[in-house]
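If you want the building blocks of each chain, they are given just below.
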Amino acid sequence: MNRVTSGWLNGFIGVVIFSGSLPATRLAIMDFDPVFLTVVRASIAGILALMLLLLFREKRPSRSNMLSLAVVSLGVVVGFPLLTALALRHVTAAHSIVFVGLLPLSTAIFAVLCGGERPRPAFWLFSCVGSALVAGFSLSNSLAIGSDSSLYGDLLMLAAILVCGLGYAEGAALSRTLGGWQVISWALVLSLPVMATLSILTMPQSLTGIGAQAWGGLAYVSLFSMLIGFIFWYRGLALGGIAAVGQLQLLQPFFGLILAATLLGESVSSAMIAVTLAVVCCVAGARKFSR
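The structure displayed is predicted, hence computed values, not measured ones.

Right, let's talk about the overall build of the protein chain for a bit. A tally of helices and strands in the protein chain yields 13 helices and 0 strands. Over its C-alpha trace the protein chain gives a radius of gyration of 18 Å, about what one expects of a compact globule, namely 19 Å for 291 residues. For the C-alpha atoms alone, the extent of the protein chain along its principal axes is close to 55 × 55 × 35 Å. The proportion of buried residues among the 291 residues of the protein chain is 51%.

Counting across every chain of the model gives 2 cavities of 30 Å³ or more. One number sums up the size of the largest cavity: a volume of about 140 Å³. If you go around the largest cavity, you meet 15 residues; those closest to its centre are Phe 18, Ser 21, Phe 80, Tyr 168 and Ser 225. Of all elements in the fold, only helix H2 (21-28), helix H4 (63-87), helix H8 (149-178) and helix H10 (212-240) reach the threshold of two or more residues within the lining of the largest cavity. Taken together, the residues that form the lining of the largest cavity break down as 11 nonpolar, 3 polar and 1 charged. Empty space within the second largest cavity amounts to approximately 40 Å³. Taken together, Phe 18, Ser 19, Ser 21, Leu 22, Pro 23, Ile 97, Val 100, Gln 252 and Gly 256 make up the full set of residues lining the second largest cavity. Mapped by element, the contributors of at least two residues to the lining of the second largest cavity are helix H1 (3-19), H2, helix H5 (93-100) and helix H12 (252-263). Ranked by the residues each element gives to the lining of the second largest cavity, the list is headed by H2, at 3 residues. For the lining of the second largest cavity, the class distribution of residues is 5 nonpolar, 4 polar and no charged.

Quick look at helix H3 (residues 34-55) now. Here H3 spans 32 Å end to end across 22 residues, near enough to the 32 Å set by a 1.5 Å rise per residue. Structurally, the start of H3 carries an N-cap: the backbone nitrogen of Val 35 is 2.9 Å from a side-chain oxygen of Asp 33. One or two positions beyond H3, positive phi appears at Arg 57, with a value near 55 degrees.

This brings us to the packing of H3 against helix H9 (residues 180-202). One can describe the packing of H3 onto H9 by two numbers: an axis separation of 6 Å at closest approach and a directional angle of 135 degrees. By the criterion of interaxial angle, the relationship of H3 to H9 is oblique. At the point where H3 passes H9, the crossing takes the left-handed sense. Residues that form the contact of H3 with H9 fall into these classes: 19 nonpolar, 5 polar and no charged.

The next point concerns the packing of aromatic side chains. Ring pairs (aromatic) are described by centroid distance and by the angle formed between their planes. By the definition in use, this model includes 10 aromatic pairs. Residues Tyr 168 and Phe 230 carry aromatic rings whose centres are separated by 6.1 Å and whose planes lie at 65 degrees to one another, so their mutual orientation is edge-to-face. In this pair, Tyr 168 sits in helix H8 while Phe 230 sits in helix H10, placing the two residues 62 residues apart along the sequence. Tyr 168 sits in the buried class, given a relative accessible area of 5%. Each member of the aromatic cluster is reached from another via a ring pair, and the members are Phe 18, Tyr 168, Phe 230, Trp 233 and Tyr 234.

Right, let's talk about the confidence of the model for the protein chain for a bit. Confidence along the protein chain averages 85 in pLDDT terms, with 93% of residues attaining 70 or more. Summarising per-element confidence for the protein chain, the mean pLDDT is lowest in helix H11 (residues 242-245) (68) and highest in H3 (95).

As a further point, take the environment of Val 268. Of note, Val 268 is situated in the loop between H12 and helix H13 (270-288). Each C-alpha atom, one on Val 268 and one on Ser 106, is 24 Å from the other, the two residues being 162 residues apart in sequence.

Procedures and definitions
- Residues numbered from 1 in each chain as written.
- Predicted model: local features only at pLDDT ≥ 70, side-chain atom pairs only at ≥ 80, totals over all residues.
- Heavy atoms only, no water.
- Helix = DSSP H or I, 4+ residues; strand = E, 2+ residues; numbered from the N terminus.
- Rg over C-alpha atoms; globule rule 2.2 N^0.38 Å.
- Buried < 20%, exposed > 50% of the residue type's maximum accessible area, 1.4 Å probe, protein only.
- 1 Å grid on protein atoms, 1.4 Å probe; cavity = no way out; pocket = protein on both sides within 12 Å on 5 of 7 lines; lining within 4 Å.
- Points joined across faces, edges and corners; volume = space filled by probe spheres on them.
- Nonpolar A, V, L, I, M, F, W, Y, C, P; charged D, E, K, R; others polar.
- Expected span 1.5 Å × (residues − 1).
- Polar contact = N/O pair within 3.5 Å; in protein donor to acceptor, adjacent residues only side chain to side chain.
- Axes fitted to C-alpha atoms, helices over the stretch in contact; angles between N-to-C directions.
- Parallel < 35°, antiparallel > 145°, perpendicular 65-115°, else oblique.
- Left-handed = near helix turned anticlockwise from the far one by under 90°.
- Phe/Tyr/Trp six-rings, centres within 6.5 Å; stacked < 30°, edge-to-face > 60°.
- pLDDT = per-residue confidence, 0-100.

Structural data, given as structure tokens:
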């Protein structure tokens, strides 16, 4: 298997794993506080990452890499999990997955800001249309239910997509020199002291009332979403190219909607599907004119 094919395969596996993150988070916050869920999942993954680094005797990253690792840590280890966990208290997993269609666009924007790329004007046209579709869907949904609670959830999801895009862009660039799985492992280890301390401070007084579904959700987001998924994802980006393999994120909303419907029994409206398809088309068009 050549380098590019291996990159696509690893990236595809990573996207499939990430697709279960929001439904699993939805299950976990049924019994766990969102803040505790955020810090404990990072702590569990951080301990496992530390074991991997010690097992393979990886050298410590240089000081010049520390800022990028901090950005990755704040973006994908802390920011995205916390913001999505809070958002899922106000919106369904199926609704939140619509926003995942913006992840490639968010990543591309930060790649432009950090990498100095200059896409053609058509790129920004597609990106603006895609953003308008999501904003319009969110607003109409909030007005339909006569409450601003889902609007609050939508704003949290938008913030989550922004910080995740930043973390993806920084991590993808760093993976070229540091290595794919090493990036997420060092980012997890970097945040481990703080996350472990907060896990102890925010731990529920009793765990007897925690259901099996919540435990299962915690296990998934700790092991797969925070570590294993990133090992495949960053390896795929490093081998196959950030711009090319990054487009596999376009498949994530479809996988996520299927999981939300099958595992959680949530309704997936035709509007959600239509908006997701439209956003995917817009991001694909933007990618075409990104150079």
